[in-house]
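Chains, contacts and geometry: an overview
Each chain, written out:
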Amino acid sequence: MSAIDPSAAPPASFLARMRSQPLYFLMALAFINMFGFAGWQTLFNNFAKEAAGFTGAEIGLAQTIREIPGFLAFTAIFWFLVMREQVVAYVSLLILAGGIALTGFYPGLTGLLVTTFIMSVGFHYFETVNQSLSLQLFPKKDAPRMIGRVAGAAASAQFLVYGGLALLWWAGYQSFPLLFGLIGLVCMGLTILCLGFFAKFDGDVPQRKTIVLRRRYWLYYALTFMNGARRQIFTAFAGFLLVERFGFRVPDIALLMLVTSALNTFAAPRLGALVGIWGERRTIAFENITLIVVFLGYAMASAGWFAAMLFVIDGIFSTLVIAQRTYMQKIGDPADMAPTAACAFTINHIAAVVIPVTFGLIWLKNPSFVFMLGAGIATTSLLLSFLVPHDPGPGNETTLSRPEPGVAPRPAE
């Protein structure tokens, strides 16, 4: 019998490997975040219309309030001064869960605005930390594929919550306080489990704890701004179009989102891998061409099934925003990832704070014109995508760039 080598450690269990892997950590937290937000989003339009009597104007106001924490996301830098980014992520998810759990108990305008704001603080601070940690913990070569897997985990959360809400509704559990409360409590419980399970994670490069705005990142800022504008139109008005014009109810919206999330669970990791194959320039251009077609389709939609199909397409291809994040990872200083993620969320939400309330007023006159404006925004973003280099890097941030003194363009791989 051969001797056993005492130095040979037994193979780590699957759970032990999960605990120490940043990918699984970010997948788990993205799952919790999207489980909460998707459940809130599915219920909100119908709750607002049936319980509070909202019109497009009130919906626009509520969505503007929802985006204010995103506009203030740069203040995450100050959180990082007193807490590790991982701790900020946990605290953010608990705030998200609390806001959702309270929503169903306050159906008036003031109550909905307050609970929406609380929920949104948690959601947006988590998304800021999620983007920052993704760019710090994932290697550049594998980042698109790994971020795609994180997006796939978020999509699986959507699948579960949409399916669960539809089943509960059909089973007769149609109390909004019950459904909002259940979603919030599930998010709280899962967050506490993750807090006790996962190891500590930090990037290799210490992050700057100040606000960072660099001239050479200008194209990333512009793309981020346009993304916030066009995505806000989808978030605030695409679902409301289905409810108001075509009479979709909670189970209908839940089923539609169930289909979208089921497809995204499969498609998101593959779209992430596609970014690595196509490169950022081609991917960003393709995403905007898709959005132009979708927005024009919304503007001309005269049948519910056609608008629903556009909703699904829009939900799937939104994953391609990964390309903007990996573009920043390639051109940015490694110490800038956290402050740039925080500032980028603020830039993303400048338009998002203004668009819902102003476009809500336009909606009262002509809903189709809202989506025509969305097509114009996507066209502007498409033009900006042509300024992204085929091989972005420090000193080669745009096709207009000239190498800065002492900074050589990144060599072609």
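Before reading further, recall that the structure is shown in the block above.
Worth saying up front: this structure is predicted, and the values here are computed from it rather than measured. (Residues numbered from 1 in each chain as written. Predicted model: local features only at pLDDT ≥ 70, side-chain atom pairs only at ≥ 80, totals over all residues. Heavy atoms only, no water.)

1. Comments concerning the nonpolar core
To be explicit about the condition: Working definition of a nonpolar core: buried Ala, Val, Leu, Ile, Met, Phe, Trp, Tyr and Cys residues. They are joined through side-chain atoms within 4.5 Å. Each residue is assigned to one of three classes by its accessible area relative to the maximum for its type, calculated with a 1.4 Å probe on protein chains only: buried under 20%, partly exposed between the two thresholds, exposed over 50%. Each helix corresponds to a stretch of at least 4 residues labelled H or I by DSSP, and each strand to a stretch of at least 2 residues labelled E; elements are numbered beginning at the N terminus.
Residues Phe138, Tyr298 and Phe371 are the most contacted members of the largest nonpolar core, which totals 125 residues. The dominant element in this core, judged by the number of residues it contributes, is helix H2 (residues 22-52), at 16 residues.

2. Looking at the packing of aromatic side chains
Test applied: Within 6.5 Å between ring centres, the rings of Phe, Tyr and Trp (the latter by its six-membered ring) count as paired, and their orientation is classed by plane angle as stacked under 30 degrees, edge-to-face over 60, tilted in between. Any Lys NZ or Arg CZ that is within 6 Å of a ring centre and within 35 degrees of that ring's normal is treated as a charge sitting over the ring.
Tallying each qualifying case throughout the model produces 22 aromatic pairs. Geometrically, the ring pair formed by tryptophan 79 and tyrosine 125 is stacked, given 4.5 Å between the ring centres and 15° between the ring planes. One end of the pair, tryptophan 79, is in helix H4 (residues 76-82); the other, tyrosine 125, is in helix H6 (residues 109-137), and 46 residues separate them in sequence. Under the relative-accessibility criterion, tyrosine 125 is labelled buried at 8%. When the centroid spacing of 5.1 Å and the interplanar angle of 40° are considered together, the rings of phenylalanine 234 and phenylalanine 311 count as tilted. Here phenylalanine 234 is found in helix H9 (residues 218-244), whereas its partner phenylalanine 311 is found in helix H12 (residues 304-317), with 77 residues between them in sequence. As far as burial versus exposure is concerned, phenylalanine 234 and phenylalanine 311 are alike and both buried. Taking NZ or CZ as reference, arginine 270 lies 3.9 Å from the ring centre of phenylalanine 266, over its face.

3. Quick word on the pattern of salt bridges
Inclusion rule: Any Lys or Arg side-chain nitrogen located within 4 Å of an Asp or Glu carboxyl oxygen qualifies as a salt bridge.
Within the structure shown, the criterion is met by eight salt bridges. Linking aspartate 336 and arginine 208 is a salt bridge whose minimum nitrogen-to-oxygen distance equals 2.5 Å. With a gap of 128 residues between them, aspartate 336 in the loop between helix H13 (322-331) and helix H14 (337-365) and arginine 208 in the loop between helix H8 (176-197) and H9 connect regions that are remote in the sequence. By relative accessible area, which is 0% here, aspartate 336 ends up buried. Salt-bridge contacts for arginine 214 lead to aspartate 336; the nearest nitrogen and oxygen are separated by 2.6 Å. Remark: aspartate 336 occurs in the loop between H13 and H14 and arginine 214 occurs in the loop between H8 and H9; sequence separation between them is 122 residues. Residue class for arginine 214 comes out partly exposed when judged on its relative accessible area of 29%. One network of salt bridges, with partners in common, ties together Arg208, Arg214, Asp333 and Asp336.

4. Considerations on the environment of serine 92
Just so we agree on the cut-off: Only heavy atoms matter for contacts: two residues are in contact if any of them lie within 4.5 Å across the pair.
Tracing the backbone through its elements, the reader meets serine 92 in helix H5 (residues 85-103). Separated by 294 residues in the primary sequence, serine 92 and phenylalanine 386 have C-alpha atoms spaced 36 Å apart. Serine 92 has contacts with Trp79, Gly122, Tyr125 and Phe126, leaving out every residue within four places of it along the chain.

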